[in-house]
Amino acid sequence: MTDLLAARSQMAISLGFHIVFAEIGIAMPLMMVLAEWRWRRTGERAYYDLARRWAKGTAVLFAVGAVSGTVLSFELGLLWPGFMRHAGPLIGMPFSLEGFAFFLEAIFLGVYLYGWERVSPRAHLAAGIVVAASGAASAVFVVLVNAWMNTPVGFTLDAAGNFVNIDPVTAMRSPAAFQQVLHMLLASYAATGMAVAGVHAWMLLRGADRAFHGRALLLALCIGAPAAVAQPFSGDLSARVVAETQPVKLAALEGQWQTMRDAPLRIGGWPDASREETRYAIEIPDGLSLLAFHDPHAEVRGLRAVPPEDRPPVAVVHLAFQTMVGLGSAMAIVALWAALVAWRRRDLSGHRELLRALVIVGPFGFICTEAGWIVTEVGRQPWVVQGFMRTAHAVTPMPGLVAPMTTFTVLYFGLGAVVVALVASLVRETSGVRS
Amino acid sequence: MRADAFGLPEILAAAIVLALNAYVLTGGADFGGGVWDLLARGPRRGAQRELIASQIGPIWEANHVWLILVVVLLFTAFPPAFATLGIVLHIPLSLMLIGIVLRGSSFVFRSYGPRDDATQQRWGVVFAMASAITPILLGIVVGTIASGAAGDAGERLAARDATFASVYLAPWLSLFPLAMGALALAMFAFLAAVYLALAADDAALREDFRRRALGAAAAIFIAAFGGLAVAHVTAPRVSGVLTGSRAFAFQAVTAVAAIGALWAVWTRRWRTARIAAALQVSLILWGWVLVQYPFVVPPTLTLREVAAPRTTLELLLGALIGGALILFPALAYLFRIFAPKVR
Ligand code: HDD
Ligand code: HEM
Ligand code: HEM
């Protein structure tokens, strides 16, 4: 394994690990606040239990999110000093603002978790709302950075390769910013909400208390289902930005090798880099031109338009994109179905087919998230700053990067296993809950 | 000093040191608490651990954010310094991160995990060990920067006149950084012991932490003078500045704070002790700044050379001011809710 590959793998593992906890840190506080609010309004004990239990899970997951995020902020320098040396002044702004969002989040999470008996009901609920809002704000800021890496603006390059005439405010408003932030926020609510719904659906199928798990299911769906339904539309917006600003990435997403009008949409298929073609795909005529540019005859640039050293690993990107779209659509359909059932007869907790479907799509949101980030990050290769800086020029000169990569991988797999076991035991405790 | 010697780069550097100072006084004490968890002894072992956990629980995550703020401010305002340090301090920083990850996660695993003794003990040990090792690594990192070894390693790398050991190992695996590691550990343990004594409800428990505070104070003394002696031999730049006339007044104030802290602990004036201890530790930190000003990474990178363009610095300062206006009331609120009952 080369040092560059080791550095990329370490970054990918660290981000892939962090993003799960980050999404939970964004959506869970909203759900626990909703549960507490329902309890205060209705006085129903089940909502109180729910808020307390969701808060307990959030406490564990948040802490792991915080420490893995700390690792990331150091890794920017440990692995990508070349990137930070040049990009730091441009993208430092959103990271610094994110720092303040973290403060608010951590402070009010402390108040929320440990303050049930110490602050007034109103202050307690407000603390939860601040946690939910600042979690969303941190995601906004960090995704602004990523959007800038994809569609960099706000500087000019001098002859020596330095970024000059920099304008950090413009850099925060890069062309991909809005669509990526929207898609990321929706992803957080969809992934977390649907996963929690899946857990409670599973408990219901196993005959656990309906009053508790039925309410939990409904609340989780209130957050997860609308986001899951909106996600394909938001993804379409993202794809159109990619089509306009990152044609090579789009071509990789779709396995499009040739520049052509009336480009077809491919479902499945295997992009073969040596033959420069995508085989075994089901092709829908004009589909890609239509989706990407809203014109069936629009011209789509193919991968062959750029030299091979400027192309990303096409197979990985294409596969990841297919996974996201496939699983995302399945999740959206189940979410719609749940909405329909809820609208028609209100009680979901006895609908076994629906419950089963919810259990199946439970993990899909997180899988889609990982796949989506692979699309974004691997699809941008070989660039770390699209069109301006190659990843190979950003990496640290330190040799032997396999060692830290292996260490952190082992560490994260270990932590992941403990977290899963712990959350499972928290969930199992609720099977005895009676309201 | 000329009038323009204190401009935006200096203001932002000062803000970074202030954030680090806040981290040391709050997050540092949380690590120190973990050290006392590791060293919990005697009949009140369980009560000691419980007090420590209750004091860390609600606030450690907020305290931890100071460190993140230091990192993001550093890479925004002085990017080349961040890049150089990321390269040459890769190994100690990675080890420190492992400590940070294990400390934080084992703490919540212990608090929220199964309550049986075996599980509690397992995570307790990880928490305590990580709490002790992380400060040592933080001190090592600071010591490597202060002694100029990190800057020299960066130079060697740029001149392509380097072996792996001379760039990535030798700079931090030497006597002075290790002494600074010991000093950091002793300072954090001292702060924690003083805070815990103030927070303890029970007189016997308070006495436990008084004894620990006195022990940690002695350790600070040994580590500080040991470090100075080592510096005299291996890092003459550091000892030169610290024993020079410019530093005399500064050293005197630090000594007064140290003696004051010791006296207050001795006479059980806990509120005074807390203030004096915080002052003593802060002054030691600012002593480091004095040693290396105007360098961020001595002996090569000065503040002015590596500062980001003016636009960035102005925006950053604006963000800091705006952020502080929100942050400080929120922090005050948090600490008021969870403050120990004041005697
Ligand atoms: C719950 C998670 C989830 C779901 C269901 C979907 N996505 Fe997604 N997608 C993500 C979660 C995600 C993400 C959060 O992982 C990414 C990575 C970067 C980003 O902004 O969002 C992403 C990126 C991403 C990109 C690349 C953006 C870029 O590189 O700038 C495109 C084109 C799409 N998505 C399109 C879609 C489409 C057409 C979907 C239809 C079902 C879809 N996504 C469902
Ligand atoms: C929004 C914040 C993010 C930033 C600032 C960011 C930054 C980076 C950087 C600097 C690299 C190394 C350079 C490169 O390979 O291009 C990288 C690589 C990578 N990141 Fe991200 N990233 C972000 C989000 C994510 C997330 C959440 C994931 C989750 C899975 C992810 C997945 C990856 C992968 C898979 C790579 C390796 C790419 C490859 O090896 O081809 N990224 N990222
Ligand atoms: C290079 C990329 C990233 C860096 C450097 C980074 C950094 C951090 C840090 C330092 C923390 C800890 C804050 C605390 O102590 O409270 C954190 C937490 C968090 N991050 Fe990230 N992060 C990155 C990617 C992302 C992405 C892509 C998201 C998008 C959703 C995200 C969202 C969050 C959220 C919501 C939290 C707080 C919730 C929690 O801890 O579970 N981060 N991040």
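The text that follows walks through the structure, step by step, so that each part is easy to find. As the structure is a prediction and not an experimental result, all values here were calculated from the model.

### Here's the deal with the overall build of chain B
For chain B, the helix and strand inventory stands at 15 helices and two strands. By principal-axis analysis of the C-alpha atoms, chain B measures approximately 60 × 45 × 40 Å. For chain B, buried positions account for 58% of its 343 residues. In chain B, of all internal contacts separated by at least 6 residues, the share reaching a separation of at least 24 is 81%. Surface exposure of chain B reaches about 14000 Å², of which carbon and sulfur atoms provide 70%. The centroid of the 26 positive side-chain charges in chain B is displaced by 7 Å from the centroid of its 17 negative side-chain charges.

### A short note on the site of ligand 3
Not every one of the 26 residues close to ligand 3 is listed here, only the nearest: His-18, Phe-21, Gly-69, Phe-102 and Glu-105 of chain A. Two or more chains meet at ligand 3, and those chains are chains A and B. Ala-66 of chain A is positioned with one of its backbone polar atoms (N or O) 3.3 Å from an oxygen atom of ligand 3. Elements supplying a minimum of two residues to the shell around ligand 3: helix H1 (3-42), helix H2 (45-79), helix H3 (81-114) and helix H4 (121-150) of chain A together with helix H3 (60-77) of chain B. Considering only residue class, the shell around ligand 3 consists of 16 nonpolar, eight polar and two charged.

### Focus: the coordination of the iron atom of ligand 1
All names here are of chain A. The protein atoms that coordinate the iron atom of ligand 1 are His-183 (NE2) and Met-324 (SD), at distances spanning 2.1 to 2.4 Å. Of note is the iron atom of ligand 1, whose six donor atoms meet at the metal with angles of 84 to 180° in an arrangement that counts as octahedral. Highlighted residues: His-183 in helix H6 (residues 177-205) and Met-324 in helix H10 (residues 314-345), separated in sequence by 141 residues. In terms of burial, His-183 and Met-324 fall into one category: buried.

### Quick look at the interface of chain B and chain A
The partner chain A presents 60 residues to the 62 residues of chain B that form the contact. Interface area for chain B against chain A, summed over the two sides, is near 5400 Å², with a carbon-plus-sulfur share of 83%. On the chain B side of the interface with chain A, the three residues burying the most area are His-90, Leu-97 and Tyr-112 of chain B, jointly 13% of the side's total. The interface formed by chain B and chain A includes zero salt bridges.

### Points about the coordination of the iron atom of ligand 2
Among all protein atoms, only Glu-377 of chain A (OE) binds the iron atom of ligand 2, sitting 2.3 Å from it. Relative to the helices and strands, Glu-377 of chain A is located in helix H12 (residues 364-380).

### Points about helix H12 (residues 248-266) of chain B
Residues and elements named next belong to chain B. Here H12 is 19 residues long and its end C-alpha atoms lie 27 Å apart, about the 27 Å a rise of 1.5 Å per residue gives. The complete set of buried residues in H12 reads Thr-254, Ala-257, Ala-261, Ala-264 and Val-265. Considered in projection along H12, the buried side chains sweep an arc of 100° and stay on one side of the axis. Along H12, the residues that are exposed and aim more than 90 degrees away from the buried face are Phe-248, Ala-249, Val-256, Ile-259 and Trp-266. Each element contacted by the buried residues of H12 is listed here: helix H9 (175-199), helix H10 (203-234) and helix H13 (270-292). Where H12 ends, the next residue or the one after it, Arg-268, has phi of about 60°, a positive value.

### Concerning the pattern of salt bridges
All told, the structure shown has 17 salt bridges over all chains when counted by the stated rule. The closest approach of N and O atoms between Glu-377 of chain A and Arg-380 of chain A, which form a salt bridge, is 3.1 Å. Note that Glu-377 of chain A and Arg-380 of chain A are positioned in helix H12 at a spacing of three residues, about one turn of the helix. Ionic contacts of the salt-bridge type, sharing partners, join the residues Asp-37, Arg-49 and Arg-110 of chain B into one network.

### Points about unusual backbone geometry
Of note, the amide linkage connecting Tyr-293 of chain B to Pro-294 of chain B takes the cis form, showing an omega dihedral of 0°. Structurally, the position occupied by Pro-294 of chain B is in the loop between H13 and strand S1 (295-297). A cis amide bond links Pro-298 of chain B with the next residue in sequence, Pro-299 of chain B, at an omega value of 0°. Position of Pro-299 of chain B among the secondary structure elements: in the loop between S1 and strand S2 (301-302). Phi at Asp-286 of chain A takes a positive value of approximately 65°, unusual for a residue other than glycine. On the secondary structure map, Asp-286 of chain A appears in the loop between strand S7 (282-284) and helix H9 (287-293). For Asp-286 of chain A, a relative accessible area of 24% translates into the label partly exposed. The phi dihedral of His-294 of chain A falls on the positive side, at around 55°, and the residue is not glycine. Locating His-294 of chain A in the fold gives a position in the loop between H9 and strand S8 (299-300). The class for His-294 of chain A is partly exposed, based on a relative accessible area of 47%.

### Focus on the site of ligand 2
Residues and elements named next belong to chain A. Taken together, the neighbourhood of ligand 2 is formed by 20 residues, with Arg-8, Leu-15, Glu-377, Arg-380 and Gln-381 sitting nearest. In this structure, Glu-377 approaches ligand 2 through a side-chain N or O atom, which is 2.6 Å from a nitrogen atom. Within the side chain of Gln-381, one N or O atom sits 2.7 Å away from an oxygen atom of ligand 2. Breaking the shell around ligand 2 down by element, the ones donating at least two residues are H1, H4, H12 and strand S9 (383-385). By residue number, the principal contributor to the shell around ligand 2 is H1, which donates six residues.

Rules of the game
- Residues numbered from 1 in each chain as written.
- Chains lettered and ligands numbered in written order.
- Predicted model: local features only at pLDDT ≥ 70, side-chain atom pairs only at ≥ 80, totals over all residues.
- Heavy atoms only, no water.
- Helix = DSSP H or I, 4+ residues; strand = E, 2+ residues; numbered from the N terminus.
- Buried < 20%, exposed > 50% of the residue type's maximum accessible area, 1.4 Å probe, protein only.
- Contact = heavy atoms within 4.5 Å.
- Areas by Shrake-Rupley, 256 points an atom, 1.4 Å probe, with all protein chains shown as cover.
- Lys, Arg positive; Asp, Glu negative; His and termini not counted.
- Charge placed at Lys NZ, Arg CZ, Asp CG, Glu CD.
- Near = heavy atom within 4 Å.
- Polar contact = N/O pair within 3.5 Å; in protein donor to acceptor, adjacent residues only side chain to side chain.
- Nonpolar A, V, L, I, M, F, W, Y, C, P; charged D, E, K, R; others polar.
- Donors = N, O, S within 2.8 Å, 3.2 Å for Na, K, Ca; no water.
- Tetrahedral: all angles 85-135°; square planar, octahedral: opposite > 155°, others 65-115°.
- Buried area = accessible area lost by both parts, 1.4 Å probe.
- Salt bridge = Lys/Arg side-chain N within 4 Å of Asp/Glu carboxyl O.
- Expected span 1.5 Å × (residues − 1).
- Arc of directions from axis to C-beta.

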